[in-house]
Amino acid sequence: MARKKLFDAWAIVYLAIFAAYLLFLIYPMYTILQNSVIGENGTLSLEWFAKFFSQKYYSQTLIHSFSVTLCTTVLSLVIGVPLAYFYNLYEIKGRSLIQVLIILCSMSAPFIGAYAWIQLLGRSGIVTKFFQSRLGITIPNIYGFNGILLVLTLQLYPLVFLYVSGALKNIDNSLLEASDNLGCTGIRRFFKVIIPLCMPTILAAALLVFMRAFADFGTPLLIGEGYRVFPVEIYTQFLGETGTNYNFAAAISVIAIVITAFIFLVQKILSNRFAFTMNALNPIERKKAKGIKGFFMYFYTYVIIGLAFLPQVYIVYQSFQNTSGKLFRPGYSFDSYKTALKRMGDSIPNTFIIGGIALVAVVFLAILISYLVVRRSNVITQAIDTMSMLPYIIPGSVVGIALVMAFNKKPIILTGTIGIMVIALCIRRLPYTIRSSVATLQQIPLTTEEAAISLGASKMKTFFKITVPMMSNGIISGAILSWVTIITELSTAIILYNSKTVTLTLAVYTFVTRGNYGYAAALATVLTALTVISLLIFMKVSKSKEITF
Amino acid sequence: MSVNIKIKNAVKRYGKSTIISGLSLVIKEGEFFTLLGPSGCGKTTLLRMIAGFNFIEGGDFFFNDERINMIDPAKRNIGMVFQNYAIFPHLSVKNNVAFGLKNRKYSKDKIETETQKFLELMKIDQYKDRMPNRLSGGQQQRVALARALVIQPDVLLMDEPLSNLDAKLRVEMRQTIREIQRRVGITTVYVTHDQEEAMAISDRIAVMKDGVIQHIGTPKDLYQRPANLFVSSFIGRTNILEADATVNGSLMTLHLKDGFTVSLSNVQPEFRQDRKVIVSIRPEEFIISENSDEGLRAVVDSSVFLGLNTHYYVHLDSGQEVEIIQESKIDEIIPEKHTVYLKVKAEKINVFTEDGSRNIVKGVNNDSANGGEA
Ligand SMILES: Nc1ncnc2c1ncn2[C@@H]1O[C@H](COP(=O)(O)OP(=O)(O)O)[C@@H](O)[C@H]1O
Ligand SMILES: [Mg+2]
């Protein structure tokens, strides 16, 4: 029977993907859970959870993480939403530059921002020294809560900006005119009309910012000092110099997942209340920014973006400075680049090999999975859909630890291989790529595929000749964004790498931790250049300039 | 090669709800056959069962004598035109048209010549290297039709192909579709909810309601002798009046309200008995008389002059509103509030049983009454 045959071809595909998810996600997660409830003497016990909650030394990491994440989320919204509002409702000069800079800021690895801010505002940072020696002013301490908040906010408000800009583009101009007409203008209109209309998006952006900030590992490690947070604690317990404790690390991981899952559910419930869709026939007409209001908008926009971009600029500057040992010397040269490239080993080829394989796998899997979810919905494909979304709420370091715990012993040993790094990148990136592929596919009418079939094309031929090409625009732009996130990924890689699988981002990180700031700056600049090139290609390919994370 | 299509007791369910239960019909070779009915009545569902995109829960579908229930949609040799055209956006016009031929592994030359032939037939050869997003709706429609016909299908299926076009283009395209279909001589099943379009284009029409075929016949059959009350009001416009019928020999007399009577000699013998009936009188089946005081008394509420015809909206003494169409006269249009008397063209009107399920007048041609056989 016709239906039967088609069932078989795709059944192999979805059963294989289902099995892969069971093996590489569910089984490692299960391993973590299992390890978290095994006590010191090898029996079933909740002692690690008890230890965590009873000793303030540990439990305060929870409070720390929570407060800094919450503050980051609120501050990112407070900065990002007005910025998006000014950008989309008013004619502000340098639009494309603003767009490019913001995307660039959102894409760089957070720990690079942290390290740059230390160079600027840290104990011996140039700004600190300048204020101290010339003006006699002592700058507030950048280490700890303040520093993490500063770095993460400047890193993450661009996400809010990009999300909310997307939503504002879907607001029909007539809604604003109607509001003006009814006497609701200016600030009142911003709070009574614009914010509610963007609410679903604002909530989605808030969730994303929360997840990123909560799971970020590099920033608090560098700038947090005594302010100890969750992801760092997991890392310390797992790989720390003071002796490792897998079971305790597993228990903390479980607590982290419970928290992120809870936040995720709260956000879902909240956003269900605001579920509506908009589609603008007449997009918002941008007005000229004039007078004192106009001045304020320009000032705000450029200062905010300048602040976020400052670290990048400073690092590029530093990369050309002369160094001797760990100290910077007067004068400029390419010496840092030369030495860094010599001492970085295989990290550039590694970046391209690991990133490249992961990218191909992510794109391929995202196409298959989105097709299965949209066009071949059944119990198993729905299960794949749900499983693929799980990593969205699992902090990257937890994914790393889970994979190590699951695959560092027989029957499957993968630790230290390129394979395990590729798997980790796939697992972490797929939730985003699948979502955007599903959205693309849902916009393709089923009848187009049916037309191909009625013209005698087989199911597989229709898929490859019609469906995939029609999705290609969305796929390619999604792929480029994946590529950028893949090459700047740190929190999972730091747990999984060994000397043979060092990537560019890891190399930067290593130089930073050793205090070789010149070399770090040189490699970070290379990384930024790679990111810029990728983004330029992205903008060329996707005419829409929409960014989905 | 064209085929005839036989459908016997087709059944389609979605979950618990049965959309089509036991539908039968026969579509003749080379015929332009239309499925007509209100939105949601199951036309698309039936069409997609023929195409093979909907699973067939029950019944038998035949192309000539071959049962096609189990044949893969790609192997049914069907040309299909979709409501949204379903043009492949990433292929040029020419490659869209050639797509089906390439699946059939013809030689390069044959693909080239056949594609060119149909590009010319549909008058789109000057756009052949364009991408679809640079075509107008009408041009996309032509590409869709060329693409469906170039594979020399046994059957052409079209699902509301004109509904996305503006009114003027719609009339033009339906002419084109009709001509091409005649020229190619292909068995065609066409779906629409627009009765005027169906009348203009079809050899025969099946009127559907709630998944059940009400009447199969030529446009003339449907309009002049509709099988039941639903068909009479769905096809064209009509006025529905209640009446008591009395029988005297072969003559049936309808007693309309207000004491007006009409005598009919063309009632089917089996229905000749005293009964309540429903009378369907189309607007043009009334005769207005201003002078004589015989007939149904009515007062003119308003009128619309449309050149060839003038429409009058009147109400009867009972309060019922009635629409009348008269060929425009050179005299004055009858003014509002004016009292007129109406007679009917007795040989044209239709009379239905009290429940509206059967037309009791002679001359009803309904192919669905005999299991769909024409
Ligand atoms: N995939 C489906 N699942 C469930 N119900 C459906 C589906 N497709 C159509 N229906 C239902 O079947 C009925 C007939 O639909 P359809 O054939 O599309 O009507 P038409 O084409 O005559 O407007 C409708 O009530 C519709 O809601
Ligand atoms: Mg339909």
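Everything below is about the structure printed above this text.
About the cut-offs
Residues numbered from 1 in each chain as written. Chains lettered and ligands numbered in written order. Predicted model: local features only at pLDDT ≥ 70, side-chain atom pairs only at ≥ 80, totals over all residues. Heavy atoms only, no water. Pairing = 2+ DSSP bridges. Helix = DSSP H or I, 4+ residues; strand = E, 2+ residues; numbered from the N terminus. Contact = heavy atoms within 4.5 Å. Axes fitted to C-alpha atoms, helices over the stretch in contact; angles between N-to-C directions. Parallel < 35°, antiparallel > 145°, perpendicular 65-115°, else oblique. Left-handed = near helix turned anticlockwise from the far one by under 90°. Nonpolar A, V, L, I, M, F, W, Y, C, P; charged D, E, K, R; others polar. Near = heavy atom within 4 Å. Polar contact = N/O pair within 3.5 Å; in protein donor to acceptor, adjacent residues only side chain to side chain. Areas by Shrake-Rupley, 256 points an atom, 1.4 Å probe, with all protein chains shown as cover. Salt bridge = Lys/Arg side-chain N within 4 Å of Asp/Glu carboxyl O.

**A few points about the sheet that holds strand 4 (residues 58–63) of chain B**
All names here are of chain B. Taking strand neighbours across the sheet as the criterion, the four strands line up as 2-1-4-5 in an open arrangement whose pairing is antiparallel. This sheet does not close on itself; its edge strands, each paired only once, are strand 2 (17–27) and strand 5 (66–67). Its contacts with the sheet put helix 1 (residues 43–51) on strand 1 (5–14), strand 2 and strand 4, and the angle it makes with strand 1 is roughly 115 degrees.

**Examining the packing of helix 19 (residues 446–454) of chain A against helix 20 (residues 459–487) of chain A**
Residue and element names in this part refer to chain A. For the pair helix 19 and helix 20, the least separation of the axes is 10 Å and the interaxial angle reads 140 degrees. Taken as axis vectors, helix 19 and helix 20 run oblique relative to one another. Helix 20 is crossed by helix 19, and the crossing has right-handed handedness. Residues T448, E449, A452 and I453 of helix 19 pack against K459, T462, I466, T467 and M470 of helix 20. Residues that form the contact of helix 19 with helix 20 fall into these classes: four nonpolar, three polar and two charged.

**Brief notes about the site of ligand 1**
All names here are of chain B. The local shell around ligand 1 consists of Y14, I19, S39, G40, C41, G42, K43, T44 and T45. G40 places a main-chain nitrogen or oxygen 2.6 Å from an oxygen atom of ligand 1. At a separation of 3.2 Å, an oxygen atom of ligand 1 approaches a polar backbone atom of C41. For ligand 1, whose unbound accessible area comes to 560 Å², protein coverage reaches 56%. Tallying contributions element by element places helix 1 first for the shell around ligand 1, with three residues. Looking at the shell around ligand 1 residue by residue, the classes come out as three nonpolar, five polar and one charged.

**Thoughts on the interface of chain B and chain A**
Between chain B and chain A, the residue contacts involve 26 residues of the former and 21 residues of the latter. Seen at the junction of chain B and chain A, the total is two salt bridges. Measuring nitrogen to oxygen at the nearest pair gives 3.3 Å for the salt bridge that ties K459(A) to D72(B). The interface formed by chain B and chain A includes seven residue pairs in polar contact (both at pLDDT 80 or more). When contributions to the side of chain B that touches chain A are tallied by element, the ones reaching two or more residues are strand 6 (78–81), helix 2 (93–103) and helix 4 (137–149) of chain B. In terms of residue count, the dominant contributor to the side of chain B that touches chain A is helix 2 of chain B (four residues). Here the side of chain B that touches chain A is built from residues that sort into 16 nonpolar, four polar and six charged.

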